[in-house]
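Listed below are the residues making up each chain.
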Number of protein chains: 2
Amino acid sequence: MDVKDLFLKDYIGKKVKISGWVKNHRKQKEFGFIDFSDGTTQKHLQVVYDNTLDNFDEIQKISVGSAIEVEGEIRKSPAKGQDFEMGLESITLLGDCPEDYPVQPKRHSDEFLREQAYLRARTNKYGAIFRIRSVAAFAIHKYFQENGYVYFNAPELTASDCEGAGEMFRVTTQDLDSIAKSKKYDSSKELFGKPVGLTVSGQLEAETWAMAYKKTYTFGPTFRAENSNTKFHANEFWMIEPEVAFCDLNGIMDIEEDCLKYIIKYVLDNCPDEINLLDKFVSKGLKEKLENVINSKFVRITHKEVIDILKDAENSGHKWEFKPEYGEDIAKEHETYITEYFKKPVFITDWPKDIKAFYMKLNKDGKTVAAADLELPGIGELMGGSQREEDYEKLSKRMDELHMDKAPYYWYLNLRKYGGCVHSGFGIGFERLLLYITGADNIRDVIPYPRTPGNCEF
Amino acid sequence: MDVKDLFLKDYIGKKVKISGWVKNHRKQKEFGFIDFSDGTTQKHLQVVYDNTLDNFDEIQKISVGSAIEVEGEIRKSPAKGQDFEMGLESITLLGDCPEDYPVQPKRHSDEFLREQAYLRARTNKYGAIFRIRSVAAFAIHKYFQENGYVYFNAPELTASDCEGAGEMFRVTTQDLDSIAKSKKYDSSKELFGKPVGLTVSGQLEAETWAMAYKKTYTFGPTFRAENSNTKFHANEFWMIEPEVAFCDLNGIMDIEEDCLKYIIKYVLDNCPDEINLLDKFVSKGLKEKLENVINSKFVRITHKEVIDILKDAENSGHKWEFKPEYGEDIAKEHETYITEYFKKPVFITDWPKDIKAFYMKLNKDGKTVAAADLELPGIGELMGGSQREEDYEKLSKRMDELHMDKAPYYWYLNLRKYGGCVHSGFGIGFERLLLYITGADNIRDVIPYPRTPGNCEF
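Residues numbered from 1 in each chain as written. Chains lettered and ligands numbered in written order. Predicted model: local features only at pLDDT ≥ 70, side-chain atom pairs only at ≥ 80, totals over all residues. Heavy atoms only, no water.

So what's going on with the overall build of chain A? Residues and values would help.
The secondary structure content of chain A amounts to 15 helices and 16 strands. Reported as C-alpha extents along the three principal axes, the dimensions of chain A are approximately 85 × 65 × 45 Å. Out of the 458 residues in chain A, the part that is buried amounts to 60%. The contacts of chain A with a sequence gap of at least 6 include a subset with a gap of at least 24, amounting to 67%. Carbon and sulfur atoms form 47% of the exposed surface of chain A, whose accessible area is close to 18700 Å². Separation of charge centres in chain A, based on 63 positive and 76 negative side chains, amounts to 1 Å. (Helix = DSSP H or I, 4+ residues; strand = E, 2+ residues; numbered from the N terminus. Buried < 20%, exposed > 50% of the residue type's maximum accessible area, 1.4 Å probe, protein only. Contact = heavy atoms within 4.5 Å. Areas by Shrake-Rupley, 256 points an atom, 1.4 Å probe, with all protein chains shown as cover. Lys, Arg positive; Asp, Glu negative; His and termini not counted. Charge placed at Lys NZ, Arg CZ, Asp CG, Glu CD.)

Talk me through helix α11 (residues 332–342) of chain B; I want residue IDs and the actual numbers.
Residues and elements named next belong to chain B. Regarding α11, the residues found buried are H334, E335, I338 and T339. Seen from one end, α11 has its buried residues packed into an arc of 125°, which puts them on one side. The elements touched by buried residues of α11 are α10 (303–315), β13 (346–352), β14 (368–376) and β15 (380–388). Two residues or fewer past α11, K343 is found with a positive phi of approximately 55°. (Arc of directions from axis to C-beta.)

I'd like a rundown of the interface of chain A and chain B, residues and numbers included.
Facing 107 residues of chain A, the contacting portion of chain B comprises 107 residues. Regarding the contact of chain A and chain B, the summed buried area is about 8900 Å², with carbon and sulfur atoms giving 63% of it. Taken as a group, Y118(A), L176(A) and Y418(A) account for 9% of the area that chain A buries against chain B, more than any other trio of residues on that side. If you look at where chain A meets chain B, you find 6 salt bridges. A salt bridge links K214(A) to D2(B), with the nearest nitrogen and oxygen atoms 2.5 Å apart. There are 42 residue pairs in polar contact (both at pLDDT 80 or more) connecting chain A and chain B. If you tally residues by element for the side of chain A that touches chain B, the top one is helix α5 (residues 124–146) of chain A, at 12 residues. Of the residues that constitute the side of chain A that touches chain B, the class distribution is 58 nonpolar, 26 polar and 23 charged. Direction of pairing for strand β8 (residues 170–172) of chain A relative to strand β8 (residues 170–172) of chain B: antiparallel, over a ladder of 3 bridges. Within β8(B), the position partnered with V171(A) by the bridge is V171(B). (Buried area = accessible area lost by both parts, 1.4 Å probe. Salt bridge = Lys/Arg side-chain N within 4 Å of Asp/Glu carboxyl O. Polar contact = N/O pair within 3.5 Å; in protein donor to acceptor, adjacent residues only side chain to side chain. Nonpolar A, V, L, I, M, F, W, Y, C, P; charged D, E, K, R; others polar. Pairing = 2+ DSSP bridges.)

Can you tell me about the side chain of T199(B), naming the residues and giving the values?
Residue and element names in this part refer to chain B. Considering the arrangement of structural elements, one finds T199 in the loop between β9 (196–198) and α6 (203–213). Among the polar contacts listed, one links the side chain of T199 to the backbone oxygen of S201, at a separation of 2.9 Å. Excluding residues that lie within four positions of it along the chain, T199 makes contacts with P155, E156, T158, M168, P221, T222 and F223.

Talk me through the sheet that holds strand β14 (residues 368–376) of chain A; I want residue IDs and the actual numbers.
Consider a sheet: its strands pair through backbone hydrogen bonds, and that pairing is either parallel or antiparallel. Residues and elements named next belong to chain A. On the basis of which strands lie adjacent, the open sheet formed by 8 strands has the order β6-β10-β11-β16-β15-β14-β13-β12 and mixed pairing. The open sheet is flanked by β6 (150–151) and β12 (299–302), the only strands paired with a single partner. For β6 and strand β10 (residues 215–223), the ladder comprises 2 bridges, and the chain directions are parallel. Bridge pairing links V150 to T216 in β10.

Pulling in residues and values, what's your account of the confidence of the model for chain A?
Of all residues in chain A, 99% attain a pLDDT of 70 or more, and the chain-wide mean is 96. For this predicted complex, the interface score ipTM comes out at 0.97, while the overall pTM is 0.97. (pLDDT = per-residue confidence, 0-100.)

Requested: an account of α10(B), with residues and values cited.
All names here are of chain B. Counted at 1.5 Å a residue, the expected span for α10 with its 13 residues is 18 Å, and the 18 Å between its end C-alpha atoms agrees. Among the residues of α10, H303, V306, I307, I309, L310, K311 and A313 are the ones counted as buried. Backbone geometry just after α10 places G317 at a positive phi near 105°. (Expected span 1.5 Å × (residues − 1).)

Before we move on, can you summarise the state of the cysteines with the specific residues and values?
The term disulfide refers to a covalent linkage connecting the sulfur atoms of a pair of cysteines. Residues and elements named next belong to chain A. Enumeration over the complete set of coordinates arrives at 0 disulfides over all chains. C421 provides the cysteine sulfur closest to C247, a residue in no disulfide bond, and the two sulfurs are 10.0 Å apart. Relative accessible area serves as the criterion here: at 7%, C247 is assigned to the buried category. (Disulfide = S-S within 2.5 Å.)

Break down the nonpolar core for me, with residues and values.
Within the largest apolar cluster, 225 residues are counted, with the highest numbers of intra-cluster contacts made by L260(A), F430(A), L260(B) and F430(B). L260(B) has contacts with V293(B), F298(B), L374(B), L376(B), L382(B), M383(B) and L433(B), leaving out every residue within four places of it along the chain. (Core = buried A, V, L, I, M, F, W, Y, C linked by side-chain atoms within 4.5 Å.)

Provide a residue-level description of the packing of aromatic side chains, including the pertinent values.
Enumeration over the complete set of coordinates arrives at 73 aromatic pairs over all chains. Ring centres of F144(B) and Y149(B) lie 4.8 Å apart, and the angle between their planes is 75°; this geometry places the pair in the edge-to-face category. In this arrangement the basic side chain of K289(A) is found over the ring face of Y436(A), its NZ or CZ atom lying 3.9 Å from the centre. Over the aromatic face of Y412(B) sits the side chain of R416(B), whose NZ or CZ is 4.1 Å from the ring centroid. (Phe/Tyr/Trp six-rings, centres within 6.5 Å; stacked < 30°, edge-to-face > 60°. Lys NZ or Arg CZ within 6 Å of the ring centre and 35° of its normal.)

Any details on the relation of the copies chain A and chain B? Residues and values, ideally.
Superposing chain A onto chain B requires a rotation of 180° together with a translation of 0.0 Å along the rotation axis, leaving an RMSD of 0.0 Å. Given the turn and translation reported, the copies of this chain are related as if by a two-fold rotation axis. (Least-squares fit on C-alpha atoms with pLDDT ≥ 70 in both.)

How would you explain the pattern of salt bridges if you had to name every residue and give the values?
A pair can form between side chains of opposite charge whenever their charged atoms are brought close. Summed over the entire model, instances satisfying the criterion amount to 66 salt bridges over all chains. Among the ionic contacts, a cluster of salt bridges with common partners joins D254(A), E257(A), K261(A), K297(A) and R300(A).

So what's going on with the packing of helix α9 (residues 272–281) of chain A against helix α10 (residues 286–295) of chain A? Residues and values would help.
Residue and element names in this part refer to chain A. One can describe the packing of α9 onto α10 by two numbers: an axis separation of 8 Å at closest approach and a directional angle of 120°. Classified by the angle their axes make, α9 and α10 are oblique. Here α9 contributes I275, N276, L278 and D279 to the contact with α10, which in turn contributes L286, K287, E288 and L290. Per-class residue counts for the contact of α9 with α10 are 4 nonpolar, 1 polar and 3 charged. (Axes fitted to C-alpha atoms, helices over the stretch in contact; angles between N-to-C directions. Parallel < 35°, antiparallel > 145°, perpendicular 65-115°, else oblique.)

I'd love a proper account of the side chain of E274(A), names of residues and values included.
By secondary structure assignment, the location of E274(A) is in helix α9. In this structure, E274(A) is in contact with Q42(A), A128(A), R131(A) and I132(A), ignoring residues within four places of it in sequence.

An account of the sheet that holds strand β6 (residues 150–151) of chain B is needed here, citing residue identities and associated values.
Residue and element names in this part refer to chain B. With mixed pairing, 8 strands are arranged side by side in an open sheet as β6-β10-β11-β16-β15-β14-β13-β12. Here the strands that pair on one side only, and so sit at the sheet edges, are β6 and β12 (299–302). Both strand β11 (residues 236–245) and strand β16 (residues 423–429) contribute to a ladder of 5 bridges, which runs antiparallel. Each bridged residue has a counterpart across the sheet, and for V244 the counterpart in β16 is S424. Across the sheet, α10 touches β12 and β13, and the angle it forms with β12 is around 90°. Sheet strands in contact with helix α14 (residues 430–438) are β10 (215–223), β11, β14, β15 and β16, and its direction is about 60° off that of β16.

Let's hear about unusual backbone geometry: which residues, and what values?
In the Ramachandran plot, F246(A) falls in the positive-phi region, its phi being about 60° despite a non-glycine side chain. Of note, the phi angle at H403(B) is positive, near 55°, even though the residue is not glycine. For H403(B), the location among the structural elements is in the loop between α12 (392–401) and α13 (410–414). Looking at H403(B), the relative accessible area reads 73%, which means it is exposed.

Here it is in structure tokens:
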């Protein structure tokens, strides 16, 4: 049985046997308390013993981190903060743990625990963060599956580069030392007969599925080879990329809003202990912040209107480090101002085409595209969506303007020829979402084994 | 609304408006039938129109593959095989489709459709296969999440090689042409400061999560750079790797059996049309085969007992291409014989240690390990599981025997030092499972965009 089961129905008066680990061990002269957990719930079981047990002295030697099997009766607890405890009757030491075990029951720094990443899920904080990661992932699958989306596994290895976004990792089946000795790199010797890299986005391929199933989503790893050492960048991260046929920009914003609220609500409903812990020790006000998102009607405002607001602020004396301009991108300080201005999530729509991707639907003004970025208070951009250009000629022209080689995209263009239609999609960076939901402030702390410049451990 | 909705409740007598695609168009002089689908269900909607409509001549020109919006009343159908149809009242052509559209309503070969992979999900067969892929993926998440497992995202980029299984893809952030010119490959110039590759398995890392959460599973892409051009090998494929603490080999076999039955049952319950189509046109008897698995109690038999049976067969006149021997691996013909012998799934346990991985639990005999391969009638090995060696000294000794460099595995070994315990896990190749469930006979036909030697399209 699992410790979790004890909290799901009444076991008082019943004898149970469970395996797990010693999280803390407080010893008194005549009795002792083992803070016991098997990892199946954030909650611990208090195991109480006294010197009426034959092996009392042996038990007192059991150290923090050890794996044990305990047997005893579940009984009402006189202690504050818990309804029940186990009165220990017998205990077996399954695997001991030396005194130099790094995860002792005290506060460790995030930096220290990153070095001990293979042990950090055993701590209360990271135990909570990574359980929320798991539950949020399931919420995402559940949301899309229950709404009729077909899950699409975009290829990781790819010979094409989606929108040239960031730098790509290159993949080879040749020995790198041999390449160095060969004088000239011969891509025809690769297993695939040509150069390949790791995908930066599955969106273009996902559109092929939207044209077959109407509603599809990806959820898988994507890669950027950027040398960015920030709190928000990792070189390997998971993306969710839904794509919907017969859906325009307003339709996709409805879906984004509904989807985000669903995921947050699912986590609040299914991880109350984890959220409470993070609210208390990691990010004060976390729960209230998340509840506010669920209860907000998201604002929809154009890029031009945003610049109007930012310019008005300037006229009223606000000093900008970067001057807001029509037709140009907005800076982090602008995002912050706008979300604080509305005090709720804001979709900024109709962006200048030159700062957005080639596949976005050109608006009638010929200058802006039907794109929407979702900005959240306290974190900035969380999702980016757009209506896709469904007009073959316009898309082709745009690719020419950007000097793209159209040949490798023949299939993408053909989607506009073979029963093309209005369609839209968006992308969620899973780890960005987790930073928001958990209140953690560094992407390294929401990925089990993060890959960042100089760091590829475990 | 979606076409799927029409089959979920009674719409007869109601007017509806839906967007989708023309799958077939049969024209008569005074009326016509559009075989209409929006991809949300395997079922199509028959749209019937006649020359009382003003634009009858225009409608007759609408070609297969076009995107249309239709509006009309749902009414009882006089035709066989369908309960209702739409009496068309108005139609809008959203996106037309030329006559040379490759996916015409006729039988195409699998080979042809592999070349048109970006269109094949629009066909009945591949529409069914890839919807089953999606539903099976969800079944897997549902099974593990509802049973208290924490989803673990194993890293794709890794500096270590799990059991040296197959060849690894190498990843670089340096320009390959520049490496060729540099004379000597300098791995310190890589983004991570050292050589990295693409993971072949997330198991070892998953064990770290099992020691924190008791129950964990991975579900993500894995890679093998092998130059194997067979129906069963792809260079990129998805693996599920559950790992459970306080669980021995028998326990993990219980979980494997329960899990496989759950997934198959979930697909049968949620994709009846898809399974019926595949049963009829792709693999006769598919449904019965799958139902048999659900209703079987899987056999558990040791490797030695398997050799006994194979040798008995030989003594009774059966000719083997490969002679079965105690202490040696078994061949495909042996797997086939054994599953046909029992006529149900068979776990073969307690394998000779020298043909199995370093991390498997050594049995008391010192010669065999606590491993179990699950063999299925008609496909052979589908899952491989084992109890993991939890004894630090024995594991360390085995790694020495195999001349492994233990330094990069310090964390894996430490799991045995810091509250180690009996634990077990298994692996499922997702595409192998899909071959079994869909009856498709080539792994290229169950992966949206397969990567195989010489093939990295789309």
